[in-house]
Amino acid sequence: MPDSPAGPPSPPVPLAELLAREELGLHRIAGPGQADLLWVHTSEMADPYPYLLGGELLLTAGVQLTDPDTYVARLVQAGAAALGFGVAPVYDTVPAALVEACDRHGLPLLEVPPETRFTAVARAVWRLMAEARHRELRRVTRAQQALATAAARPDPVPAVLRQLAVQLEARVALLTADGGVLHAAGGRPAPDVQTALARLARVVAPSASSAPSAPSGPTGHAPSAAPGVMPGVMPPGATPPAAGPGRKPSPSSATDTRAGTHLFAYALGGGQGLALVLATPRRDSGDHTVAGIAVVLLSLLTAPHQGADAAGRSAALVRLLLGAAPQDVAPLLGDGAPWTVVHARRADGTPAGPLNAGALGAALGSALSDVDRETVRVLLPGPHETVTPQPGWTLGVSGPAPVSALPDADTQASRALGHAEATRTPLSTHRPGTGGLAALIPPDRAEAHARTLLAPLTEPLAETLRCWLGLHGSWDRTAVALKVHRNTVRQRIARCATLLDADLDDMDVRTELWFALRDRGPGPG
């Protein structure tokens, strides 16, 4: 078949839909019943092969039909989808030799009755194409709205993947160049399908250690680029890999099949080496467009923040690694205002990853985020009044602190997060004591007295006592805040009472200990 241009912008029309139009009176009398129609063409040439693009429903009355077998074979070579034979004025019935040839070569043959004009058939096909196009546009619009809504959720990357899996009824995953799964949604495919998806991910997002040439697909050939996507064309904001000697640019997408499952891989922009992969049992019109929308959203959500702030963070990191003091590099990260530390955990208890941490930091207005086990820590330049509750998160916020006091602020944020989880509030802020009776005692004398009074207690015991007093003696809330069993809290408090030789049920004792714990300042986390 000669090189043909891309198909029309409208989706193909299934042959069965055309046959269902009763007013046309079309009947399939030979060949398979499944075919996709891209065009309608009328020709009375003995060999229309040079003028076919592929996917046509070719209409003819057989004016120059002399060798049915050769005629049908040439149509199949040209990629024709089906043949419509008009009965009258040349033939009273469809020639039996033509029926046999279509059955032999696997080309659907339709009988067009005398009362049906070829223009009516063409008009019906174009109308079906327009209806299919409208359905596709509505589907893509709904998918776009659903994906955009998912991107605005507290966990945007997993939410977009889950929504994409629903829209395409597919298994979707975000993979690294070495095949590692960052997030996934949808049913788990067979092991060989997972292996094929990892191979496709390496095609569109090769790692630094990958060989220059693309690996062969499961069928022994290189996976093909997805329809409508030019190899080497990256999504918006993408950073193409450096082209070395003998190395070709990676394609932006690739497709393959495995045991009837359609596989797709798309490179994400941002230079992170990530790939979106999909596995679906069927391929519908509009799937590629919906996947493209998800690629753009995921590229924006996973791309690192660029610009002058990135240059400042890089310079600060270099100086810290070379031995500079934190207070010396702080001006590179902000305008010198006090800093605020935020600790956060997912409200549903699911672990947070680097992508979730980055999304939370962006929502709070900072790119300085980190994940320490299940806790996300965000460093904000400026006062804590700018921190607001975030859907899906529980936050603990420190008081404003200079760079030299950030470790103390980190402890404050940790305690505030524990208090928020214990009291089931979305946000808790550290409130330092100001004014009142405590302000009448010089700070140095108050701290010295606190150190002496609390000297028998280890740091875990002192922290447990502080949390227990701050939560009004609640065993359950203290256990939640400290993430220990309530019996452990009881044992620690009993140990504190023994070491301090004090009655912790006495309000005067509790009050003096509370002031002492507050005046001793934050201890190690």
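Everything that follows concerns the structure shown earlier in this document.
Report on the accompanying structure. Being a predicted model, the structure only gives us computed values, none of them experimental.

What counts, and where the lines are drawn
Residues numbered from 1 in each chain as written. Predicted model: local features only at pLDDT ≥ 70, side-chain atom pairs only at ≥ 80, totals over all residues. Heavy atoms only, no water. Helix = DSSP H or I, 4+ residues; strand = E, 2+ residues; numbered from the N terminus. Buried < 20%, exposed > 50% of the residue type's maximum accessible area, 1.4 Å probe, protein only. Core = buried A, V, L, I, M, F, W, Y, C linked by side-chain atoms within 4.5 Å. Contact = heavy atoms within 4.5 Å. Pairing = 2+ DSSP bridges. 1 Å grid on protein atoms, 1.4 Å probe; cavity = no way out; pocket = protein on both sides within 12 Å on 5 of 7 lines; lining within 4 Å. Points joined across faces, edges and corners; volume = space filled by probe spheres on them. Nonpolar A, V, L, I, M, F, W, Y, C, P; charged D, E, K, R; others polar. Axes fitted to C-alpha atoms, helices over the stretch in contact; angles between N-to-C directions. Arc of directions from axis to C-beta.

With that settled, the discussion passes to unusual backbone geometry. Cis geometry is adopted by the peptide bond preceding Pro-89, which originates at Ala-88 and carries an omega value of 5°. As for its placement among the helices and strands, Pro-89 is situated in the loop between β6 (82-86) and α3 (96-105). Residues other than glycine seldom take positive phi values, yet Arg-424 does so here, at roughly 55°. Residue Arg-424 is classed as exposed on the basis of its relative accessible area, which comes to 77%.

This part covers the nonpolar core. Grouped burial of nonpolar side chains is what soluble globular proteins tend to show. Ranked by size, the top nonpolar core spans 30 residues in total, and within it Leu-147, Leu-161, Leu-164, Val-172, Leu-276 and Leu-278 carry the most contacts. Mapped by element, the contributors of at least two residues to this core are α4 (118-151), α5 (156-168), β8 (171-175), β11 (261-267), β12 (275-280) and α7 (287-302). Excluding anything up to four places from it in sequence, Leu-278 contacts Leu-164, Leu-168, Arg-171, Val-172, Leu-197, His-262, Leu-263, Phe-264 and Tyr-266. Ala-82, Val-112, Phe-118 and Ala-122 belong to the second-largest nonpolar core, a separate cluster that totals 21 residues.

Sheet analysis places strand β2 (residues 27-30) next to strand β7 (residues 109-112), joined by three bridges and oriented antiparallel. By the bridge assignment, Arg-28 is partnered in β7 with Leu-110. For β6 and β7, the ladder comprises four bridges, and the chain directions are parallel. The residue bridging Phe-85 from the neighbouring strand is Glu-111, located in β7.

Where empty space is left in the structure can be found by rolling a water-sized probe over the atoms. In total, this model carries one cavity of 30 Å³ or more according to the counting rule given. Looking at the largest cavity, its volume works out to about 50 Å³. Taken together, Ser-43, Glu-44, Met-45, Ala-46, Thr-60, Gly-62, Val-63, Gln-64, Leu-65 and Tyr-71 make up the full set of residues lining the largest cavity. Counted by class, the lining of the largest cavity contains five nonpolar, four polar and one charged residues.

A few words on the sheet that holds β2. With respect to topology, five strands assemble into an open sheet ordered β2-β7-β6-β5-β4, the strand pairing being mixed. The open sheet has two edge strands with one neighbour each: β2 and β4 (39-42). The mean inter-strand angle of the sheet, taken between neighbouring strand axes irrespective of direction, is 30°. Taken strand by strand, α3 contacts β2, β6 and β7, and its axis lies near 80° from that of β2. Against the sheet, α4 contacts β4, β5 (56-60), β6 and β7, and its axis sits at roughly 165° relative to β4.

Quick look at α3 now. Three or more residues of α3 are buried, namely Leu-98, Val-99, Ala-101 and Cys-102. Take α3 and look down its axis: the buried residues cluster within an arc of 165°, on one side only. Pointing more than 90 degrees away from the buried face of α3 are the exposed residues Ala-96 and Arg-104. For α3, the elements touching its buried residues are β2, α2 (68-78), β6 and β7. Phi turns positive one or two residues past the end of α3, at Gly-106, with a value near 70°.

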